[in-house]
Each structure stands twice: as structure tokens, then as C-alpha cells.
Amino acid sequence: MLVVIGASAGGPPALVRVLSDLPAAFPACVAVVQHIRPDFPSRLPEVLSRACALPVLEAKSSLVIEPGAVYVAPPNRHLSISAPRRIVLRSTPPVNYVRPSVDVLFQSAALWKGKVIAAVLTGTGRDGAEGIRAIHRSGGLTIAQRPAACSGMPEAAIATGCVQMVLPLEQIGPAIVEAVSALARGEAA
């Protein structure tokens with residue numbers, strides 16, 4: 001199982017809130033894209049580690065992702081997950097004016113065919129909307145943060161008609177935990 005989360009403006013505190021709800025024995029892999037300036041060294045894995053019961057790692061090319069860990073896209077590299085659960089990092093052109101792009105991660109996650117849960121959190125722009133479409137079409141569960149201050153990304157995702165749950169931030173982590181539990185029991189998320 002794979003959980004993918006995308007965020008932009010206002011993302012670090014939102015990610016802390018969501019990831020802090022995931023238990024230490026979480027049975028899914030988690031991949032995160034947070035828009036960050038390309039020339040800015042990221043301390044996001046360290047920041048998230050302080051609030052998360054799971055190990056939080058900066059994604060590295062060819063690393064095999066494991067359940068019970070969080071992998072964060074490094075600055076200025078697109079993150080995708082290949083079929084054999086390997087991380088792929090690329091410096092290809094920006095998508096939606098950003099690199100890393102939420103859409104790139106989500107579209108690669110859609111290949112997991114129903115074993116994926118995607119959440120679009122706070123942020124400006126449209127990044128994540130096309131990825132939400134792809135995940136929905138492949139049978140995955142799609143979640144968007146109820147629009148608040150920086151609501152462009154969640155609103156764009158919701159406008160696709162492919163978001164199944166629109167939740168306030170504090171309910172997203174528990175919803176992910178419940179959906180992963182349902183998938184582990186063999187139920188529809």
C-alpha cells in the first residue's frame with residue numbers, strides 16, 4: 001500500500017499535523033512532495049521526524065520504499081515510484097511550474113491500481129489535480145483538505161470531480177489510517 005501526499009504554501013505545518021496521526025506500526029509506504037525553493041537546502045525530513053512516529057527520510061534514487069516509512073522529495077527533483085517500489089528522482093522540466101511536482105508523484109502512484117491513497121493539502125496553484133484524476137481512475141482513494149487560507153491546490157483537485165473525501169486538516173490523518181486499515185483487511189477504502 002502507498003500513501004502519497006502533496007503540499008505547497010503552508011505545507012510543513014499541515015504535513016506535521018497529518019503525519020503525526022500515523023502510528024509507528026503503519027503498514028503502508030508514504031511519499032511526500034512539498035514545494036520548496038530549488039536553491040534552498042531542505043530540513044523538512046528533520047522537521048517531520050520530530051512529530052512523526054515513523055522514520056522520515058529524504059528520497060534517494062533507486063531506494064526501495066518500505067512500509068512504515070516516509071520518503072520526502074528533495075528540492076529541485078521530481079519524485080516518482082516505479083513498479084518494483086523503487087524511488088526515481090529526475091531533474092526533468094518543471095510540471096505546473098514546480099519541481100518537485102505533486103502530479104508527477106501521484107501519476108506514478110496511480111500504477112499501484114487501487115492500493116494507493118492520495119491527499120492534496122494546502123497550497124496555491126493546480127499541482128496535484130491531474131494526479132488526483134489518475135489515482136481516482138486507477139481505483140485509489142482521493143482526499144483533499146477542506147479549502148482554507150492557501151486553497152488553490154485543494155480547490156483544483158476538488159474541481160476535477162475525482163476527490164472522494166474533502167476533510168478539515170485534523171481529520172485527514174485519521175482518515176488515512178482508517179483507509180489503510182480497510183485495505184489491509186481486504187475491504188474497499
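Note: the structure precedes this text.
Draft legend 1. Examining the packing of helix H1 (residues 11–19) against helix H6 (residues 169–184) more closely. Running from N to C, H1 and H6 point in directions that differ by 40°, and their axes come no closer than 7 Å. Judged by the angle between their axes, H1 and H6 are oblique. Crossing geometry of H1 relative to H6 is assigned as right-handed. Residues Ala14, Arg17 and Val18 of H1 lie in contact with H6, whose contacting residues are Leu169, Glu170, Ile172, Gly173 and Ile176. Looking at the contact of H1 with H6, its residues break down into five nonpolar, one polar and two charged.

Draft legend 2. Fine view of the pairing of strand S6 (residues 87–90). Alternating positions in S6 separate cleanly, Ile87 and Leu89 being buried on one face and Val88 and Arg90 remaining unburied on the opposite face. In this sheet, S6 lies alongside strand S5 (residues 78–81) in antiparallel orientation, the contact comprising four bridges. Note on S6: the bridge partner recorded for Ser80 is Val88. Where S5 hands over to S6, the hairpin turn is made up of five residues, of which Arg85 adopts a positive phi near 65°.

Draft legend 3. Quick peek at the nonpolar core. In terms of nonpolar packing, the biggest core is built from 32 residues, with Ile5, Leu121 and Ile176 touching the most fellow members. Of all the secondary-structure elements, those providing two or more residues to this core are strand S1 (2–7), H1, strand S2 (29–34), helix H2 (44–49), strand S4 (70–72), strand S7 (116–120), strand S8 (141–145) and H6. Sorting elements by how many residues they give to this core places H6 first, with seven residues. Beyond its immediate sequence surroundings of up to four residues, Ile176 is in contact with Val3, Ile5, Val18, Leu22, Phe26, Ile117, Ala119 and Ile143. Of all hydrophobic cores here, the second largest spans 31 residues; its members include Val4, Ala69, Trp112 and Cys162.

Draft legend 4. Structural view of unusual backbone geometry. With an omega of 15°, the peptide bond running from Arg99 to Pro100 counts as cis. Non-glycine residue Ser62 carries a positive phi angle of around 75°. Residue position: Ser62 is located in the loop between strand S3 (56–58) and S4. The exposure class of Ser62 is partly exposed, given its relative accessible area of 49%.

Draft legend 5. Structural detail: the pairing of S1. Of all six residues that make up S1, six are buried, and the element is covered over most of its length. Of the two faces of S1, the one carrying Leu2, Val4 and Gly6 and the one carrying Val3, Ile5 and Ala7 are both buried. Relative to S2, S1 runs parallel, the two being bridged by six bridges. Looking at the pairing, Val4 lines up with Ala31 of S2. In this fold, the crossover linking S1 to S2 by way of H1 has right-handed handedness. Bridge count between S1 and S7: five bridges; the pairing is parallel. The residue of S7 that forms the bridge with Gly6 is Val120.

Conventions we followed
Each chain has its residues counted from 1, following the order in which its sequence is written. Local features are withheld for residues below a pLDDT of 70 in this predicted model, meaning they are given only at 70 or higher, and side-chain atom pairs are given and counted only at 80 or more; totals for whole chains, interfaces and linings count all residues. For the side-chain quantities, the full set of heavy atoms in the structure was used; hydrogens and water were omitted. For helices, the axis comes from a line fit to the C-alpha atoms of the stretch in contact; other axes are also lines fit to C-alpha atoms, and the angle between any two N-to-C directions lies between 0 and 180 degrees. Numbering of helices and strands runs from the N terminus; a helix is a DSSP stretch of H or I covering at least four residues, while a strand is a stretch of E covering at least two. These descriptions rest on fixed angle ranges, namely under 35 degrees for roughly parallel, over 145 for roughly antiparallel, 65 to 115 for roughly perpendicular, and the rest for oblique. Should the near helix be turned anticlockwise from the far one by less than a right angle, the crossing is left-handed, and should it be turned clockwise, the crossing is right-handed. Two residues form a contact once any of their heavy atoms are found within 4.5 Å. Residues were grouped as follows: Ala, Val, Leu, Ile, Met, Phe, Trp, Tyr, Cys and Pro as nonpolar; Asp, Glu, Lys and Arg as charged; and all remaining residues, including Gly, as polar. Whether a residue is buried, partly exposed or exposed follows from its accessible area with a 1.4 Å probe, protein chains only, as a fraction of its type maximum: under 20%, in between, or over 50%, in that order. Only strands that DSSP links by at least two bridges are regarded as paired with each other. What is meant by a nonpolar core is a set of buried Ala, Val, Leu, Ile, Met, Phe, Trp, Tyr and Cys residues, joined one to another through side-chain atoms within 4.5 Å. The crossover handedness rule: strands pointing away from the viewer, path from first strand over the helix to second strand clockwise, crossover right-handed.

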